[in-house]
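Residues per chain are reported as follows:
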Amino acid sequence: MAELTTIARPYAKAAFDFAVEHKAVDSWTEMLAFASLVSENDSMKPLLNGTLASTELASLFIKICGEQVNEQGQNLIKVMAENGRLGILPTVSLLFAEYRNEWAKEVEAEVVSATELSSEQQQQISVSLEKRLARKVKLNCSIDASLIGGVIIKSGDLVIDGSVSGKLSRLSDKLQS
């Protein structure tokens, strides 16, 4: 994974710098996400291993993407195809999203709760995290009944485990030591 990130970083950075310069960050985010999905398609994967000439592959890829990818996005696809790098589009898309979130001072947080959170609870979590992280926070909420109660919040390296199962686990560890 680290090698893919190293290879994908220059493409993501170049695309991001271009998008910022042309005030098109959101459209580039969508384009790269779509192109990423195309590259991960089971029908497309075998073609990415070098069986087609780079110009043919780029042409086919652009045709499949259709209007979802503008002229500048098509140029990126052509360059990546010439370098045999279309397979790393998912990593490029992820890195681009990270650059976008950093630039927009936004962060995503995964919130796993034992029961469904009310909009008021989500708002309270969001406000608390925004204060702690000094960024706008987008919550991705999910439910895991095995937590028994409480929540687990993950954002980057930050993990806050306020679940009952987590507390029981920590109590068990202390009792055993």
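Preceding this paragraph is the structure being described.
Residues numbered from 1 in each chain as written. Predicted model: local features only at pLDDT ≥ 70, side-chain atom pairs only at ≥ 80, totals over all residues. Heavy atoms only, no water.

1. Remarks on the pattern of salt bridges
The line we're drawing: What makes a salt bridge here is a side-chain nitrogen of Lys or Arg within 4 Å of a carboxyl oxygen of Asp or Glu, nothing more. Secondary structure elements follow DSSP: runs of H or I of four or more residues count as helices, runs of E of two or more count as strands, with numbering from the N terminus. Partly exposed residues are those whose accessible area sits between 20% and 50% of the maximum for their type, while under 20% is buried and over 50% is exposed, using a 1.4 Å probe and protein chains only.
Evaluated as defined, the whole model comprises six salt bridges. The residue Asp 17 makes a salt bridge to Lys 13 at a minimum N-O spacing of 3.1 Å. Highlighted residues: Asp 17 and Lys 13, both in helix α1 (residues 2-21), separated by four residues, approximately one helical turn. Linking Asp 161 and Arg 170 is a salt bridge whose minimum nitrogen-to-oxygen distance equals 3.7 Å. The exposure class assigned to Asp 161 is partly exposed, which follows from its relative accessible area of 28%. When its relative accessible area of 38% is taken as the criterion, Arg 170 is described as partly exposed. One network of salt bridges, with partners in common, ties together Asp 26, Arg 100, Glu 106 and Lys 136.

2. Observations concerning the environment of Pro 90
Stated formally: Contact criterion: two residues are considered in contact whenever any of their non-hydrogen atoms come within 4.5 Å of each other.
The topology assignment puts Pro 90 in helix α5 (residues 89-103). For the pair Pro 90 and Ala 33, spaced 57 residues apart in the sequence, the C-alpha separation amounts to 7.4 Å. When residues no more than four places from it in sequence are discounted, the contact partners of Pro 90 are Ser 36, Ser 39 and Glu 40.

3. Concerning the nonpolar core
Definition in use: Definition used in this section: a nonpolar core is a set of buried Ala, Val, Leu, Ile, Met, Phe, Trp, Tyr and Cys residues joined via side-chain atoms within 4.5 Å.
Counting residues in hydrophobic clusters, the biggest one holds 31 residues, and the most contacted among them are Trp 28, Leu 32, Phe 61, Met 80, Leu 86, Val 92 and Phe 96. Mapped by element, the contributors of at least two residues to this core are α1, α2 (25-40), α3 (54-65), α4 (71-82) and α5.

4. As for unusual backbone geometry
In this model, Lys 23 sits at a positive phi of 50°, which is unusual for a non-glycine residue. Note that Lys 23 resides in the loop between α1 and α2. The backbone phi angle of Lys 105 is positive, close to 55°, even though this residue is not glycine.

5. Notes on the packing of α2 against α3
Threshold: Only the contacting stretch of a helix is used when fitting its axis, a line to C-alpha atoms as for every element, and angles between N-to-C directions run 0 to 180 degrees. Oblique is the label for any angle not under 35 degrees, not over 145, and not in the 65 to 115 range, which are roughly parallel, roughly antiparallel and roughly perpendicular in turn. A clockwise turn of the near helix away from the far one marks a right-handed crossing, whereas an anticlockwise turn of less than a right angle marks a left-handed crossing. Ten residues, namely Ala, Val, Leu, Ile, Met, Phe, Trp, Tyr, Cys and Pro, are considered nonpolar, four, namely Asp, Glu, Lys and Arg, are considered charged, and the remaining ones, Gly among them, are considered polar.
Viewed as axis vectors pointing N to C, α2 and α3 meet at an angle of 120°, and their least axial separation amounts to 10 Å. On the basis of the axis angle, α2 is oblique to α3. Considering how the two elements wind past one another, α2 and α3 form a crossing that is right-handed. In this structure, α2 contributes Phe 34, Ala 35, Val 38 and Ser 39 to the contact, and α3 contributes Phe 61, Ile 64 and Cys 65. Of the residues assigned to the contact of α2 with α3, the class counts are six nonpolar, one polar and no charged.

6. Some thoughts on the packing of aromatic side chains
Rule in force here: Any two of the Phe, Tyr and Trp rings considered here, Trp counted by its six-membered ring, make a pair once their centres fall within 6.5 Å; the pair's planes then place it as stacked at under 30 degrees, edge-to-face at over 60, or tilted in between.
Under the defined criterion, the tally for this structure stands at four aromatic pairs. On the basis of an interplanar angle of 70° and a centroid distance of 5.5 Å, the ring pair of Phe 16 and Phe 96 is categorised as edge-to-face. A residue pair is termed long-range when its members are at least 10 positions apart, and Phe 16 in helix α1 and Phe 96 in helix α5 qualify at 80 residues. Taken as a pair, Phe 16 and Phe 96 share a single burial class, namely buried. Pairing Phe 16 with Tyr 99 gives two aromatic rings, centres 5.8 Å apart and planes at 40°, and the pair type is tilted. One end of the pair, Phe 16, is in helix α1; the other, Tyr 99, is in helix α5, with 83 residues separating them in the sequence. Overall, Tyr 99 belongs to the partly exposed group, its relative accessible area being 22%.

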